[in-house]
Amino acid sequence: MSLDRAIELLKVKYQLARDLRYIGNPLAWALYQVWKEADREKRRADDDRT
(Lines give C-alpha, C1' and ligand atoms only; values in the text may rest on other atoms or scores of the structure.)
Protein backbone atom coordinates (compact mmCIF):
# COMPACT_ATOMS: atom_id res chain seq x y z
CA MET A 1 0.00 0.00 0.00
CA SER A 2 1.39 3.37 -0.90
CA LEU A 3 1.52 6.27 1.51
CA ASP A 4 -0.95 8.21 -0.62
CA ARG A 5 -3.40 5.29 -0.56
CA ALA A 6 -3.00 4.93 3.21
CA ILE A 7 -3.73 8.62 3.77
CA GLU A 8 -6.77 8.46 1.49
CA LEU A 9 -8.06 5.40 3.33
CA LEU A 10 -7.37 7.04 6.71
CA LYS A 11 -9.54 10.01 5.75
CA VAL A 12 -12.39 7.71 4.71
CA LYS A 13 -12.16 5.58 7.86
CA TYR A 14 -11.92 8.67 10.07
CA GLN A 15 -15.09 10.14 8.60
CA LEU A 16 -16.86 6.83 9.15
CA ALA A 17 -15.64 6.63 12.75
CA ARG A 18 -16.86 10.15 13.52
CA ASP A 19 -20.38 9.05 12.62
CA LEU A 20 -20.30 5.93 14.82
CA ARG A 21 -21.32 6.86 18.35
CA TYR A 22 -19.72 3.84 19.99
CA ILE A 23 -16.20 4.80 18.87
CA GLY A 24 -14.54 6.88 21.55
CA ASN A 25 -11.42 7.87 19.62
CA PRO A 26 -12.13 8.13 15.88
CA LEU A 27 -8.52 8.83 14.90
CA ALA A 28 -7.15 5.83 16.79
CA TRP A 29 -9.85 3.60 15.34
CA ALA A 30 -9.19 4.84 11.79
CA LEU A 31 -5.43 4.36 12.16
CA TYR A 32 -5.95 0.83 13.42
CA GLN A 33 -8.28 -0.04 10.54
CA VAL A 34 -5.80 1.25 7.97
CA TRP A 35 -2.94 -0.57 9.69
CA LYS A 36 -4.87 -3.85 9.55
CA GLU A 37 -5.61 -3.41 5.86
CA ALA A 38 -2.01 -2.47 5.00
CA ASP A 39 -0.71 -5.44 6.97
CA ARG A 40 -3.16 -7.79 5.25
CA GLU A 41 -2.06 -6.48 1.82
CA LYS A 42 1.60 -6.99 2.68
CA ARG A 43 1.01 -10.53 3.89
CA ARG A 44 -0.88 -11.40 0.69
CA ALA A 45 1.94 -10.00 -1.42
CA ASP A 46 4.51 -11.98 0.56
CA ASP A 47 2.44 -15.17 0.23
CA ASP A 48 2.15 -14.67 -3.53
CA ARG A 49 5.95 -14.60 -3.82
CA THR A 50 6.40 -18.01 -2.23
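This report concerns the structure included in the present document.

The rules behind each value
- Residues numbered from 1 in each chain as written.
- Predicted model: local features only at pLDDT ≥ 70, side-chain atom pairs only at ≥ 80, totals over all residues.
- Heavy atoms only, no water.
- Helix = DSSP H or I, 4+ residues; strand = E, 2+ residues; numbered from the N terminus.
- Expected span 1.5 Å × (residues − 1).
- Buried < 20%, exposed > 50% of the residue type's maximum accessible area, 1.4 Å probe, protein only.
- Contact = heavy atoms within 4.5 Å.
- Axes fitted to C-alpha atoms, helices over the stretch in contact; angles between N-to-C directions.
- Parallel < 35°, antiparallel > 145°, perpendicular 65-115°, else oblique.
- Left-handed = near helix turned anticlockwise from the far one by under 90°.
- Nonpolar A, V, L, I, M, F, W, Y, C, P; charged D, E, K, R; others polar.

## Focus on helix α2 (residues 26-49)
Because an α-helix packs 3.6 residues into every turn, residues spaced three or four apart end up facing the same way. Relative to the 34 Å expected for 24 residues at 1.5 Å per residue, α2 spans 35 Å between its end C-alpha atoms, a close match to the ideal helical length. For α2, the set of buried residues is Pro-26, Ala-30, Gln-33 and Val-34. Residues of α2 that are buried sit in contact with α1 (3-19).

## Description of the packing of α1 against α2
α2 packs onto α1 with a crossing angle of 135° between their chain directions and a minimal axis gap of 8 Å. What the angle tells us is that α1 and α2 run oblique. Judged by the sense of rotation from one axis to the other, the crossing of α1 with α2 is right-handed. Residues Arg-5, Ala-6, Leu-9, Leu-10, Lys-13, Tyr-14, Leu-16, Ala-17 and Arg-18 of α1 form the contact with α2, whose own contacting residues are Pro-26, Leu-27, Trp-29, Ala-30, Leu-31, Gln-33, Val-34 and Glu-37. Of the residues in the contact of α1 with α2, the class split is twelve nonpolar, one polar and four charged.

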